[in-house]
Amino acid sequence: MALCWSRLVADVAAGTCEAGELSDEERAMFRAKPDPVRARVLERVGPRAPHELWPSLSLVSCWGDAGAAAPMERLRARIKPVLLQPKGLLATEGVVSLPLGESHPLAVTSHFLEFLDADGRLAHAWELRGGEEYEVLLTTGGGLYRYRLGDRVVVTDFVDRTPSIRLIGRSDGVVDLVGE
């Protein structure tokens with residue numbers, strides 16, 4: 001980001017987007033009202049203190065598991081003292097878990113969730129065991145039935161009796177570096 005900061009400052013000041021490989025048509029879509037006052041703030045603060053750009057910012061929600069864990073920790077270091085909240089497991093097809101403090105309990109009222117263990121045995125949410133790994137299956141009210149998300153999770157703890165999970169990666173050979 002630091003390498004592009006001077007370009008960002010100039011674009012905010014002029015209301016343009018001069019990013020490298022955009023066509024003239026794409027650049028025109030990114031036209032904005034010039035904001036030289038904000039550009040001076042960006043120039044003064046620089047790329048290393050984003051919390052100073054948004055002094056009222058109190059929470060940043062982002063991917064935080066599997067391939068996103070290391071980038072999340074770098075972001076956490078950059079945005080102190082702002083609270084960083086890992087999202088949990090959300091998919092285009094549905095919500096699997098929700099952030100709650102340090103835990104990510106299953107979203108048991110959003111969809112019907114099932115899980116395949118390492119031996120291919122099916123388990124319901126209430127049958128999950130701490131420390132065990134599973135693949136997520138999702139049935140939604142919208143018509144998806146036992147849809148295999150391809151996400152592998154581990155049960156990290158429980159919130160009351162609801163399993164809390166963490167994404168550990170993909171099970172289908174697809175590479176997903178840091179989330180959708």
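In case you missed it, the structure is sitting above this.
Residues numbered from 1 in each chain as written. Predicted model: local features only at pLDDT ≥ 70, side-chain atom pairs only at ≥ 80, totals over all residues. Heavy atoms only, no water.

> Just to check I follow, could you spell out the pattern of salt bridges for this structure?
Opposite charge on two side chains permits pairing when their charged atoms draw close. Applying the stated rule across the entire model yields eight salt bridges. Measuring nitrogen to oxygen at the nearest pair gives 3.2 Å for the salt bridge that ties Arg121 to Asp117. Looking at Arg121, the relative accessible area reads 51%, which means it is exposed. The class for Asp117 is buried, based on a relative accessible area of 16%. One salt bridge connects Arg152 with Glu133, and the closest N-O pair in it is separated by 3.7 Å. You can see Arg152 sitting in strand E8 (residues 147–159) and its partner Glu133 sitting in strand E7 (residues 133–139), a full 19 residues away along the chain. (Salt bridge = Lys/Arg side-chain N within 4 Å of Asp/Glu carboxyl O. Buried < 20%, exposed > 50% of the residue type's maximum accessible area, 1.4 Å probe, protein only. Helix = DSSP H or I, 4+ residues; strand = E, 2+ residues; numbered from the N terminus.)

> In this structure, what is going on with the environment of Leu42? I would like to understand it.
Inspection of the secondary structure assignment puts Leu42 in helix H3 (residues 36–45). Assessed through its relative accessible area of 7%, Leu42 is described here as buried. Put simply, Leu42 and Trp126 are 84 residues apart on the chain and 50 Å apart in space, counted from C-alpha to C-alpha.

> Explain the pairing of E7 to me, please; I cannot follow it from the model alone.
Look at any regular strand and the pattern is simple: side chains alternate between the two faces of the sheet. Counting buried positions along E7 yields six of seven residues, so the element is predominantly enclosed. Pairing of E7 with E8, which is carried by five bridges, proceeds in the antiparallel orientation. In the strand pairing of E8, Tyr134 is matched with Val153. (Pairing = 2+ DSSP bridges.)

> Quick question: what am I supposed to make of the side chain of Glu114 here?
Structurally, Glu114 is set in strand E5 (residues 112–116). Residue classification places Glu114 among the buried positions, given a relative accessible area of 3%. Separated by 2.9 Å, the side chains of Glu114 and Arg146 make a polar contact. Once residues lying within four places of it in the same chain are set aside, the contact partners of Glu114 are Leu122, Ala123, His124, Glu135, Val136, Leu137, Thr139 and Arg146. (Polar contact = N/O pair within 3.5 Å; in protein donor to acceptor, adjacent residues only side chain to side chain. Contact = heavy atoms within 4.5 Å.)

> Sorry if this is basic, but what is going on with the nonpolar core here?
The nonpolar side chains of a soluble globular protein tend to be buried with one another. The biggest cluster of nonpolar side chains holds 17 residues, and the ones touching the most others in it are Val96, Leu106, Phe115 and Val136. Those elements that place two or more of their residues in this core are E5, E7, E8 and strand E9 (162–170). Discounting residues that sit within four places of it in the chain, Val96 has contacts with Leu89, Pro105, Leu106, Ala107, Leu113, Val136, Leu149 and Ile165. (Core = buried A, V, L, I, M, F, W, Y, C linked by side-chain atoms within 4.5 Å.)

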